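# Summary of structural features
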Amino acid sequence: GIQVEQSPPDLILQEGANSTLRCNFSDSVNNLQWFHQNPWGQLINLFYIPSGTKQNGRLSATTVATERYSLLYISSSQTTDSGVYFCAVASTSGTYKYIFGTGTRLKVLA
Amino acid sequence: DGGITQSPKYLFRKEGQNVTLSCEQNLNHDAMYWYRQDPGQGLRLIYYSQIVNDFQKGDIAEGYSVSREKKESFPLTVTSAQKNPTAFYLCASSIQVRSSYNEQFFGPGTRLTVL
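What comes next is a walk through the structure. (Residues numbered from 1 in each chain as written. Chains lettered and ligands numbered in written order. Predicted model: local features only at pLDDT ≥ 70, side-chain atom pairs only at ≥ 80, totals over all residues. Heavy atoms only, no water.)

## Re the interface of chain A and chain B
Where interface size is quoted, it is often the accessible area lost as the parts come together. Facing the 22 residues of chain A at the interface are 26 residues of chain B. Between chain A and chain B, the buried area comes to about 1,800 Å², and carbon and sulfur atoms account for 50% of it. If you look at where chain A meets chain B, you find one salt bridge. Broken down by secondary-structure element, the contributors of at least two residues to the side of chain A that touches chain B are β4 (29-37), β5 (43-48) and β10 (98-100) of chain A. With five residues, β4(A) is the largest single contributor of residues to the side of chain A that touches chain B. Looking at the side of chain A that touches chain B residue by residue, the class counts come to nine nonpolar, 11 polar and two charged. (Contact = heavy atoms within 4.5 Å. Buried area = accessible area lost by both parts, 1.4 Å probe. Salt bridge = Lys/Arg side-chain N within 4 Å of Asp/Glu carboxyl O. Helix = DSSP H or I, 4+ residues; strand = E, 2+ residues; numbered from the N terminus. Nonpolar A, V, L, I, M, F, W, Y, C, P; charged D, E, K, R; others polar.)

Written out as structure tokens, the structure reads:
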């Protein structure tokens, strides 16, 4: 089945810094999402982005489907950005089920 | 308010007992999913349902059972056959499973602890 790798696994930033999170996947996908899991466990939808570029405030994402990767950019980070960021993909071959990466754990220091 | 609700938020179970986790959605979505998350790990799919009265096993279905009698509801039973049930359980829904557009939305989760 499709493999999903996220990097870096852990990231510590000072407030105000920028960061880039990466998601690599091993097969063609027709669905890709980025989530933020807050300290209470809630998964918050950030982007649905199987291809192209989207922006939402300080966050933006780019998926290059032909090269099998997606990037999540966080600018001017805030302490509330802390948590775990997950990438999830669904392959065009197979059962269309989502496979999750193991996440990037972000801590933003005041 | 449209969304997904899960109950209870916390659940404690003695070994050998079955427990049922509730998941309800009012988004009018056809597809619903159950995931399991262990500490420091990503989510793994337990079961999913594309339509009422139909469901399929995911990657880790052993020791779990589900039903889908209503479009809005997809309860998960953790049976005594599940060898390591302590985990965080998340329910999700989407418009359809087999679709070029399949954005999933998640409930707040249930933390199950086996004593």
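Right, picking up where we left off after that structure.
## Section: the packing of aromatic side chains
For the structure on display, the rule yields 10 aromatic pairs over all chains. Measuring from centroid to centroid gives 5.5 Å for B:Tyr35 and B:Phe106, while their planes differ by 40°, and the two rings are tilted. Within this pair, whereas B:Tyr35 is found in strand β4 (residues 31-37), its partner B:Phe106 is found in strand β10 (residues 105-106), the two being separated by 71 residues in sequence. Since its relative accessible area comes to 0%, B:Tyr35 is described here as buried. Ring plane angle 65° and centroid distance 5.9 Å describe the contact between B:Tyr64 and B:Tyr89, whose orientation is recorded as edge-to-face. You can see B:Tyr64 sitting in strand β7 (residues 64-66) and its partner B:Tyr89 sitting in strand β9 (residues 87-94), a full 25 residues away along the chain. Assigned by exposure class, B:Tyr64 and B:Tyr89 land together as buried. Through a chain of ring-to-ring contacts, the aromatic side chains of A:Phe35, A:Phe86, A:Phe100, B:Tyr33, B:Tyr35, B:Tyr48 and B:Phe106 assemble into a single cluster. When the ring centre of B:Phe88 is taken as reference, the NZ or CZ atom of B:Arg111 above it lies at 4.1 Å. (Phe/Tyr/Trp six-rings, centres within 6.5 Å; stacked < 30°, edge-to-face > 60°. Buried < 20%, exposed > 50% of the residue type's maximum accessible area, 1.4 Å probe, protein only. Lys NZ or Arg CZ within 6 Å of the ring centre and 35° of its normal.)

## What to know about the sheet that holds strand β1 (residues 4-7) of chain B
Residues and elements named next belong to chain B. In space, the four strands of this open sheet follow the order β1-β3-β8-β7, with antiparallel pairing throughout. Among the strands making up the open sheet, the edge pair consists of β1 and β7. Ignoring which end each strand starts from, the neighbouring axes of this sheet average 20° apart. Where β1 and strand β3 (residues 19-25) come together, four bridges link them in antiparallel fashion. Residue serine 7 lies in a different strand from β3, and its bridge partner there is serine 22. (Pairing = 2+ DSSP bridges. Axes fitted to C-alpha atoms, helices over the stretch in contact; angles between N-to-C directions.)

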